[in-house]
Amino acid sequence: MRQEHYDVAVIGGGSAGMAAAISLAQRGKSVVLFEREEVLGGILLQCIHNGFGLHHFKEELTGPEYAERVSKTLEELPVTVFVGSTVMHMEEAHAGEGKIVYAYSREHGIVMAEVRAVVLAMGCRERNRGNIGTPGTRPAGVYTAGLAQRLVNVEGYIPGKEVVIVGSGDIGLIMARRMTWVGAKVKAVVEIQPYPAGLTRNIVQCLNDFSIPLYLSHIVSEIHGKNRVEAVTITPMVDGMPDTQRSFRVDCDTVLLSVGLVPDNEVSKKLGVQLNPETNGALVDSRLMTNVPGVFACGNVLHVHDLVDFVTEESTRCGEYVAEYLDGVRPAAQHRVVAGSNVKYVLPNWYDRSHDNRFYLRPMVVKNRAELQVRLDGHVIKTKVLKHVQPSEMIALALDEKDLGDGAAQGDLRLEIAIV
Amino acid sequence: MDNTKREMVCIACPVGCHLTVSTAEDGSVVVEGNRCQRGVEYGREELLAPKRVVTATLAVSRGKSPRVPVKTDAPLLKAFIPGLLDQVYNMEIAAPVALGMVVLENIGGTGVRLVTTRSVLEVRAI
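The rules behind the values
- Residues numbered from 1 in each chain as written.
- Chains lettered and ligands numbered in written order.
- Predicted model: local features only at pLDDT ≥ 70, side-chain atom pairs only at ≥ 80, totals over all residues.
- Buried ≥ 20, exposed ≤ 12 C-beta atoms within 10 Å, placed from the backbone.
- Helix = DSSP H or I, 4+ residues; strand = E, 2+ residues; numbered from the N terminus.
- Pairing = 2+ DSSP bridges.
- Axes fitted to C-alpha atoms, helices over the stretch in contact; angles between N-to-C directions.
- Left-handed = near helix turned anticlockwise from the far one by under 90°.
- Contact = placed C-beta atoms within 7 Å.
- Nonpolar A, V, L, I, M, F, W, Y, C, P; charged D, E, K, R; others polar.
- Expected span 1.5 Å × (residues − 1).
- Domains from an automatic or database assignment.
- Core = buried A, V, L, I, M, F, W, Y, C linked by C-beta atoms within 7 Å.

Participant: Explanation requested: the pairing of strand β30 (residues 415-419) of chain A in the structure shown.
Facilitator: Side-chain direction in a regular strand flips from residue to residue, so the side chains alternate between the two faces of the sheet. Residue and element names in this part refer to chain A. Only one face of β30 is buried: it carries Leu415, Ile417 and Ile419, and the other face, with Glu416 and Ala418, is open. Across five bridges, the pairing between strand β27 (residues 367-376) and β30 is antiparallel. From the neighbouring strand, Gln373 faces β30, where its bridge partner is Ala418.

Participant: What is the right way to look at the packing of helix α4 (residues 145-155) of chain A against helix α5 (residues 170-181) of chain A in this model?
Facilitator: Helix-helix packing is characterised by the crossing angle of the two axes and by the distance between the axes. Residue and element names in this part refer to chain A. Two elements in contact, α4 and α5, have axes separated by 9 Å at closest approach and are oriented at 35 degrees. At the point where α4 passes α5, the crossing takes the left-handed sense. From α4, Ala145, Gly146, Ala148, Gln149 and Val152 reach across to α5, where they touch Ile171, Gly172, Met175 and Arg178. Classifying every residue of the contact of α4 with α5 by side-chain character gives five nonpolar, three polar and one charged.

Participant: Help me understand the packing of helix α1 (residues 15-26) of chain A against helix α2 (residues 63-75) of chain A in this model?
Facilitator: Residues and elements named next belong to chain A. Contact geometry of α1 with α2 gives a least axis separation of 10 Å together with a crossing angle of 30 degrees. Between α1 and α2 lies a crossing whose hand is left-handed. The segment α1 lies against α2, with Ser15, Met18, Ala19, Ala21 and Ile22 engaging Val70, Ser71, Thr73 and Leu74.

Participant: Honestly, α2 of chain A in this entry has me stumped. Any pointers?
Facilitator: Residues spaced three or four apart along an α-helix face the same direction, because each turn holds 3.6 residues. The terminal C-alpha atoms of α2 of chain A lie 18 Å apart, and with 13 residues this matches the ideal 18 Å at 1.5 Å per residue to within 8%. Listed in full, the buried residues belonging to α2 of chain A are Gly63, Pro64, Glu65, Tyr66, Ala67, Glu68, Val70 and Leu74 of chain A. Each element contacted by the buried residues of α2 of chain A is listed here: α1, β4 (50-52), β5 (61-62), β6 (79-82) and α7 (308-326) of chain A together with β6 (67-72) of chain B.

Participant: Could you clarify how one ought to interpret the domain arrangement of chain A in this entry?
Facilitator: Interface extent is often summarised as the accessible area lost during association of the parts. Residues and elements named next belong to chain A. Looking at chain A, the domain boundaries give domain 1 (2-125 + 262-331), domain 2 (128-259) and domain 3 (337-419). Here the C-alpha centre of domain 2 lies 32 Å away from the C-alpha centre of domain 1. Residue-level contacts link four residues of domain 1 with five residues of domain 2. Taken together, the residues of the side of domain 1 that touches domain 2 sort by class into two nonpolar, two polar and no charged.

Participant: Could you clarify how one ought to interpret the environment of Gln274 of chain A in this entry?
Facilitator: Residues and elements named next belong to chain A. Tracing the sequence through the fold places Gln274 in the loop between β21 (261-263) and β22 (295-297). For Gln274, a count of 13 C-beta atoms within 10 Å puts it in the partly exposed group. Along the chain, Gln274 and Val111 lie 163 residues apart, while their C-alpha atoms are 26 Å from each other. When sequence neighbours within four positions are dropped, the list of residues in contact with Gln274 reads Ala282, Leu283, Thr290 and Asn291.

Participant: Would you take a moment to explain the sheet that holds strand β20 (residues 254-257) of chain A for this structure?
Facilitator: Sheets are built from strands that pair by backbone hydrogen bonding, the pairs being arranged parallel or antiparallel. Residues and elements named next belong to chain A. Reading across from one edge, β12-β20-β13-β14-β15 is the order of the five strands in this open sheet, with parallel pairing throughout. Edge positions in the sheet fall to β12 (142-144) and β15 (214-216), since each has one partner strand and no second. Taken pair by pair, the neighbouring strands of this sheet meet at an average axis angle of 20 degrees, ignoring direction. Taken together, the five bridges between strand β13 (residues 162-166) and strand β14 (residues 185-191) define a ladder with parallel strand orientation. Bridging from a neighbouring strand, Ile165 pairs with Val189 of β14. Sheet strands in contact with α5 are β13, β14 and β20, and its direction is about 170 degrees off that of β14.

Participant: How should the interface of chain A and chain B be read in this particular structure?
Facilitator: The interface of chain A with chain B comprises 22 residues on the first partner and 22 residues on the second. Only α2, α4, α6 (200-207) and β28 (379-389) of chain A provide two or more residues apiece to the side of chain A that touches chain B. Per-element tally for the side of chain A that touches chain B: the top contributor is α6 of chain A, with four residues. Split by residue class, the side of chain A that touches chain B holds seven nonpolar, nine polar and six charged.

Participant: Looking at this structure, I do not really get the nonpolar core. What am I missing?
Facilitator: In a soluble, globular protein the nonpolar side chains are often hidden away together inside. All names here are of chain A. Ala9, Ile11, Ala21, Val119, Leu120 and Phe296 are the most contacted members of the largest nonpolar core, which totals 83 residues. The element that contributes the greatest number of residues to this core is α1, accounting for eight residues. If you count residues domain by domain, this core takes at least three from each of domain 1 (2-125 + 262-331) and domain 3 (337-419). If near-sequence neighbours (up to four positions away) are discounted, Ile11 is found in contact with Gly17, Phe34, Val87, Val118, Val119, Leu120, Ala121, Met122 and Val267. Ile165, Met175, Ile219 and Leu257 belong to the second-largest nonpolar core, a separate cluster that totals 36 residues.

Participant: Help me out: how do you make sense of the domain arrangement of chain B in this one?
Facilitator: Domain assignment breaks chain B into domain 1 (2-48) and domain 2 (55-116). Taking only C-alpha atoms into account, the centre of domain 1 of chain B sits 31 Å from that of domain 2 of chain B.

Participant: Sorry if this is basic, but what is going on with unusual backbone geometry here?
Facilitator: For residues besides glycine, phi is generally negative; the peptide bonds are generally trans as well. Omega for the peptide link from Leu347 of chain A to Pro348 of chain A comes to -5 degrees, which places this bond in the cis form. You can see Pro348 of chain A is positioned in the loop between β24 (343-347) and β25 (350-352). Look at the link from Ala95 of chain B to Pro96 of chain B: it is a cis peptide, with omega at 0 degrees. Considering the arrangement of structural elements, one finds Pro96 of chain B in the loop between β8 (92-94) and β9 (102-104).

Participant: Which parts of the structure should I look at to understand the sheet that holds β24 of chain A?
Facilitator: All names here are of chain A. Strand order in the open sheet formed by three strands is β24-β26-β29, and the pairing between neighbours is antiparallel. Each edge of the sheet is formed by a strand with only one pairing partner; in this case those strands are β24 and β29 (395-399). With direction set aside, neighbouring strand axes in the sheet form an average angle of 25 degrees. In the sheet, β24 pairs with strand β26 (residues 357-363) via four bridges, with the strands oriented antiparallel. Across the sheet, residue Leu347 finds its bridge partner in β26, namely Tyr360.

Participant: Help me understand α1 of chain A, please; the structure alone is not making it clear to me.
Facilitator: Residues and elements named next belong to chain A. Compared with an ideal rise of 1.5 Å per residue, which puts twelve residues at 16 Å, α1 spans 17 Å between its outermost C-alpha atoms and is within 8% of the ideal. Residues of α1 that are buried: Ser15, Ala16, Gly17, Met18, Ala19, Ala20, Ala21, Ile22, Ser23, Leu24 and Ala25. Where the residues of α1 are buried, they touch β2 (8-11), β3 (31-34), α2, β6, β10 (117-120) and α7. Of the residues flanking the end of α1, it is Gly28, one or two places downstream, whose phi is positive at about 80 degrees.

Participant: I would appreciate a short explanation of the environment of Val120 of chain B in the present structure.
Facilitator: Residues and elements named next belong to chain B. As for its position among the elements, Val120 is in the segment after β10 (114-116). On the basis of neighbour counts, which here come to 24 C-beta atoms within 10 Å, the residue Val120 falls in the buried class. Residues Val120 and Arg62 lie 58 residues apart in sequence; the distance between their C-alpha atoms is 9.5 Å. Look past the residues within four positions of Val120 in its chain and what remains in contact with it is Val60, Gly63, Lys64, Ser65, Val68, Ala95, Pro96 and Val97.

Structural data, given as structure tokens:
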């Protein structure tokens, strides 16, 4: 068994892990990064469409281009990278503040890294048929949209010829266009909500361009077929109930599910990291540290982002916080941050009054000219008018010392962020 | 004149204005429903000459990855997209492939090029 010692172990070599490792190495920390796949880049490598990097690189890139730019920067720094290596277990070191990370790899066998801090950057997983409980038989031909994306764009296999897509998230919409472009027929996109889950841009360019019907307030109520998918039943929803009288059948050989993402925290639980039921990611303080001292989280394992640019920003910052933690910096008093009206969640879950704080929040409403309100001890301390909000677009908010320091606030220092 | 009147959703930003785009008597394009100037430009181009960036993959022989992703380096007129996809999904190039390598020049005489968006190393026979 290989035994190694580093300041920090980064778990995952996608956009989050790479950014955190770069940030740490640039601050002179010794870093080991473990990546399950054979190459760095993560999910970006299968997202061959464009639209990435407008914030971070100030130009429009495809996923693989974004990944390669970041990995080039990483390669120039002294970071020890293990690819093809899966972290299976983590535990507290027997003495001191350290952690031990165990990774299994075909090339190196078991690698045991003793470190002073851990960055969780494992990304997320797709929700699947079990999560939405679609009745019917269990034939071949039912895929999550991201898996189909990998098959088509990376492996070069086309999973079917006649496709129905469940869910109108961006991955599903982008796969509707991709399947059409590789010669398949996309017969329907079915969305349970009365409005699309993905961006308008993708509705226009991925569905309308090809006249693919979008069924809003509909569900796939049954999947048919013995060995292979043969058809689905689509049922309209009326007042939250399926109206089975108006069900109809669509023949197809493939069903793609684009029904949401869940942070992949299996290995985080080994260290006793506490999760937030709203995000399925860790609860973190103002410096992105979990309840376990020395264990930090960033990127999609913390909460599902819609732009990789925000993942890079958050993870670079996470690297800074970890470096400062290793140098002995500890935050002053931490106070809770809570989601107010029309906000699903706010991250981080604590803030620090003596520093600048940067928040990400997920709205629950679709609204033009919405007002963002920050309340401290019941008083509104800051407002911001937003031209347009919708659940598929995360909102970034920065509050500095001046915003937080003013006012009477001495009692309840809970910060509430709401959309009105 | 009515045959050139079209309803569309502007995608220049996330607000998504519902545009009505039509051609006036003098042949100029009239855009209504927009909340900013970008909507006028979007509506005009969508009516007269809609374009899209195309991304796809090509087969790679002897590559560490079986496929390499590609993109057009500028939006391409929609009319040329089916022909381009047909060509690209039936092409093969040999590894090693560098990022940004030009695969096709001057697609359909438009000046648009097809370039690789990832590097692919060569698998060395042992």
